[in-house]
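# Structure at a glance
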Amino acid sequence: MSDQDGRTGSAVRREEDWGRLEDGTPVGRWILQDGPLEVGLVEHGARLQSVLAPDVDGRCADVVLGFSDLTPYTGKGRSFGATIGRFANRIAGGTFELEGQRVTVPATDRGNAIHGGPHPFSERLWSAHPVEGVCGVRFSLFSPDGDNGFPGGLSVHVTYALHERTLTVTYAATTDAPTVLNLTNHAYFNLAGEGTGTVDAHLVQVLADTFLPVDPTGLPTGEFRSVAGTPFDLREAVPVGYRVEQDDEQLERGKGFDHCYVLADVPGGRRAPALAAVVSEPVSGRTLEVRTDQPGIQFFTGGSLAGTLVGAAGVPYGPRTGLALETQAFPDAPNRPEFPTTVLLPGEEFRSVTEFRFSVG
């Protein structure tokens, strides 16, 4: 199946049977082509599977960590490039109070809930359709009331749209009962190309004055800590490897960076889409800019990658072979009234936009 959107050099097509689930259900892969970029998307997990981007000499490489077939995505690689929900990041003890009622969801990480539970959105098969008039695909999922313990029937849509060098990800959701929601994308990037080594030489800038320190289980302590005078000061671009190796308790707890940076003034949290982070790789000349309307961005340098998964280039993914820039609400927000709310009520629509802009220079 293919769909031309009317612009020169722009196309959307679907590989009908890219893989199959254990029950034999076929899973499709979508390819967006516009300008110099080609983007691969997979219906399982509504995930970003690949981004082929040129370097300063015009040579293309895949700058997203991923796999060439479905199997790893249904196992230990389920978070790679996936849409994360219902609640990205952590909820303390897997419990919170909502509308005067105590809600309990499965705790799967050091006593806390993480990334939506044991069968999260990243493991679901989403329906997908091309978007009329743009080079894009819309993924849709219905999460029933009680799904992984979360209340409310939730309708979720994630749209990927490619225009020249920018991949825009738009999230939308409605609910029929009060619930909490925190959606993000969990792609790992390596601008030198996946399988080429670590991201230690990448220059990273995060435009935030404060970050959220974590306890030994990865939960935010509630403190808004200034980045000034700490390894977390990324207001000017610095090499990832230089900062990760510094002696710091927070870096030890995250096995490197695994922390939420505060992008918006609290308590409101929402803001107009704005530049949040810039990553560049000196040899290839590739640069990635991330813009978002979300209040936080989780910067993760992949310290937990253990080399047990082999990527599309045939190289194991070890620590710091990719970095993630997850635009989202603050972790554990349902238990933190000082954090921007993640409550979604009937009659409301959750909408959020994140842009990944690739360039060379």
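Data block above holds the structure.
First things first, this report covers the structure right here in the doc. Only a predicted model underlies this, so the values are computations on that prediction, with no experimental measurement involved.

Attention now moves to the sheet that holds strand S29 (residues 350-360). Spatially, nine strands are ordered S12-S13-S14-S15-S29-S25-S24-S19-S22 in an open sheet, and the strand pairing comes out antiparallel. Among the strands making up the open sheet, the edge pair consists of strand S12 (127-130) and strand S22 (238-239). In the sheet, S12 pairs with strand S13 (residues 136-143) via four bridges, with the strands oriented antiparallel. Of the residues in S13, the one forming a bridge with Ser127 is Ser140.

What follows covers the pattern of salt bridges. Taken as a whole and assessed by the stated rule, the structure comprises 21 salt bridges. We note a salt bridge from Arg59 to Asp55, for which the minimum N-O separation is 3.5 Å. A residue is classified by how much of its surface remains accessible, and Asp55, at 8% relative accessible area, is buried. Here Glu289 makes a salt bridge to Arg291, at a shortest N to O gap of 2.7 Å. On the accessibility criterion, Arg291 (21% relative accessible area) is partly exposed.

Applying the stated criterion across every chain yields a total of 19 aromatic pairs. Taking the centre distance of 5.2 Å and the plane angle of 50 degrees together, the rings of Phe67 and Phe80 count as tilted. Residue Phe67 is found in the loop between strand S6 (60-62) and strand S7 (83-84), and its partner Phe80 is found in the loop between S6 and S7; the two are separated by 13 residues along the sequence. Take Phe80: its relative accessible area is 2%, and that puts it in the buried class. Among the aromatic residues, those joined into a cluster by ring pairs are Trp18, Phe67, Tyr73, Phe80, Tyr188, Phe300 and Tyr317.

Quick look at empty space enclosed by the protein now. Counting across every chain of the model gives two cavities of 30 Å³ or more. Estimates place the volume of the largest cavity at around 50 Å³. Lining the largest cavity are Asn89, Arg90, Leu212, Val214, Gly218, Pro220, Asp258, His259, Cys260, Gln298 and Pro331. Size it by volume and the second largest cavity reaches roughly 30 Å³. Lining the second largest cavity, in full, are Gly85, Arg86, Gly116, His119, Pro120, Phe121, Arg124, Ser143, Asp147, Asn148 and Phe150. Across the lining of the second largest cavity, the residue classes tally to three nonpolar, five polar and three charged.

It is worth spelling out the nonpolar core at this point. With 61 residues, the main nonpolar core has Leu48 and Tyr261 as its most contacted residues. Ranked by residue count, the leading element in this core is strand S14 (residues 154-163), at five residues. Setting aside residues no more than four positions away along its own chain, Leu48 makes contact with Val39, Gly40, Leu41, Val64, Gly81, Tyr160, Leu167, Asn185, Ala187 and Phe189.

Moving on to unusual backbone geometry. As a rule of thumb, non-glycine residues mostly have phi less than zero, and peptide bonds are mostly trans rather than cis. Residue Gly85 is joined to Arg86 through a cis peptide bond whose omega torsion reads 10 degrees. Backbone geometry places His115, a non-glycine residue, at a positive phi of 55 degrees. Its location among the elements puts His115 in the loop between strand S11 (113-114) and S12. Positioned with a positive phi, Asp332 is a non-glycine residue whose angle comes to about 60 degrees.

With that out of the way, let us pick up the environment of Glu348. Mapped onto the elements of the fold, Glu348 is located in the loop between strand S28 (343-344) and S29. Placed 175 residues apart in sequence, Glu348 and Ala173 show a C-alpha to C-alpha distance of 8.6 Å. Contact partners of Glu348, with chain neighbours within four places excluded, come to Ala173, Thr174 and Val343.

Most of S13 sits out of view: six of its eight residues are buried. If you look at the hairpin formed by S12 and S13, you'll find five residues sitting between the two strands, and Gly133 has a positive phi there, around 90 degrees.

This part covers the layout of surface pockets. Each pocket or cavity is described by its volume, and for the largest pocket that value is around 940 Å³. What lines the largest pocket is a set of 35 residues, and nearest its centre among them are Ser79, Asp109, Ile114, His115 and Ser304. Among the residues forming the lining of the largest pocket, the class breakdown is twelve nonpolar, 14 polar and nine charged.

Criteria and cut-off values
- Residues numbered from 1 in each chain as written.
- Predicted model: local features only at pLDDT ≥ 70, side-chain atom pairs only at ≥ 80, totals over all residues.
- Heavy atoms only, no water.
- Pairing = 2+ DSSP bridges.
- Helix = DSSP H or I, 4+ residues; strand = E, 2+ residues; numbered from the N terminus.
- Salt bridge = Lys/Arg side-chain N within 4 Å of Asp/Glu carboxyl O.
- Buried < 20%, exposed > 50% of the residue type's maximum accessible area, 1.4 Å probe, protein only.
- Phe/Tyr/Trp six-rings, centres within 6.5 Å; stacked < 30°, edge-to-face > 60°.
- 1 Å grid on protein atoms, 1.4 Å probe; cavity = no way out; pocket = protein on both sides within 12 Å on 5 of 7 lines; lining within 4 Å.
- Points joined across faces, edges and corners; volume = space filled by probe spheres on them.
- Nonpolar A, V, L, I, M, F, W, Y, C, P; charged D, E, K, R; others polar.
- Core = buried A, V, L, I, M, F, W, Y, C linked by side-chain atoms within 4.5 Å.
- Contact = heavy atoms within 4.5 Å.

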